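Residue-level listing of the chains:
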Amino acid sequence: MRIQVTPLAERKLQERLGVQPGIFKLFYDTEGCGCDGINVLTIVHEAEKGDSVIEAGALPFIISRQQEIFYEEKMRLDTEEQFSSFKLDSNSQIYGSNILVRDLRT
């Protein structure tokens, strides 16, 4: 699996990581959202057993192998300067245009 991250999205994600070590985990969250589910980027300390690496350039990305079925092999992650959320899409669909980052390292 691969995510093409735009330069602006990469810069904003690097800012979210800061100096503390962390990994971005793509997650399809269905808990307590009152809907079918939403896509979320979480920042975690380390990968868990059953996680797979996602190629995303210089950024460390993972996903649970159980959740890979929700996503296509090639996707894009973008943002806009004035927003704190991200857009994840592929050639055939938009996964979300308001994807938030949750830092779970603390």
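Note that the coordinates shown come from a computational prediction; the quantities given were computed from them, not determined experimentally.

What counts and what doesn't
Residues numbered from 1 in each chain as written. Predicted model: local features only at pLDDT ≥ 70, side-chain atom pairs only at ≥ 80, totals over all residues. Heavy atoms only, no water. Phe/Tyr/Trp six-rings, centres within 6.5 Å; stacked < 30°, edge-to-face > 60°. Helix = DSSP H or I, 4+ residues; strand = E, 2+ residues; numbered from the N terminus. Buried < 20%, exposed > 50% of the residue type's maximum accessible area, 1.4 Å probe, protein only. Pairing = 2+ DSSP bridges. Axes fitted to C-alpha atoms, helices over the stretch in contact; angles between N-to-C directions.

## Things to note about the packing of aromatic side chains
Inference 1: Within this structure, the stated rule accounts for three aromatic pairs.
Inference 2: Where Tyr71 meets Tyr95, the ring centres are 5.4 Å apart and the plane angle is 40 degrees; that geometry is what we call tilted. Placement of Tyr71 in the loop between β5 (61–64) and β6 (74–79) and of Tyr95 in strand β8 (residues 94–99) is noted, with a sequence separation of 24 residues between them.
Inference 3: Assessed through its relative accessible area of 8%, Tyr71 is described here as buried.

## Here's the deal with the pairing of strand β2 (residues 23–29)
Inference 1: Counting buried positions over the seven residues of β2 gives six, a clear majority of the element.
Inference 2: Note that β2 and strand β3 (residues 38–44) share seven bridges and pair antiparallel. The residue of β3 that forms the bridge with Lys25 is Thr42.
Inference 3: Of the strand pairs in this sheet, β2 and β5 are connected by three bridges, and their pairing is parallel. Bridge assignment links Phe24 to a residue of β5, and that residue is Phe61.

## Points about the sheet that holds strand β9 (residues 101–103)
Inference 1: The mixed open sheet is built from five strands, whose spatial order is β4-β5-β2-β3-β9. On the outer flanks of this sheet lie β4 (51–54) and β9, each paired with one strand and no other. The average undirected angle you get between the axes of adjacent strands in this sheet is 35 degrees.
Inference 2: Judged from the three bridges that link them, β3 and β9 form a sheet pairing that is parallel. Each residue of the ladder has a partner; that of Ile43, found in β9, is Asp103.

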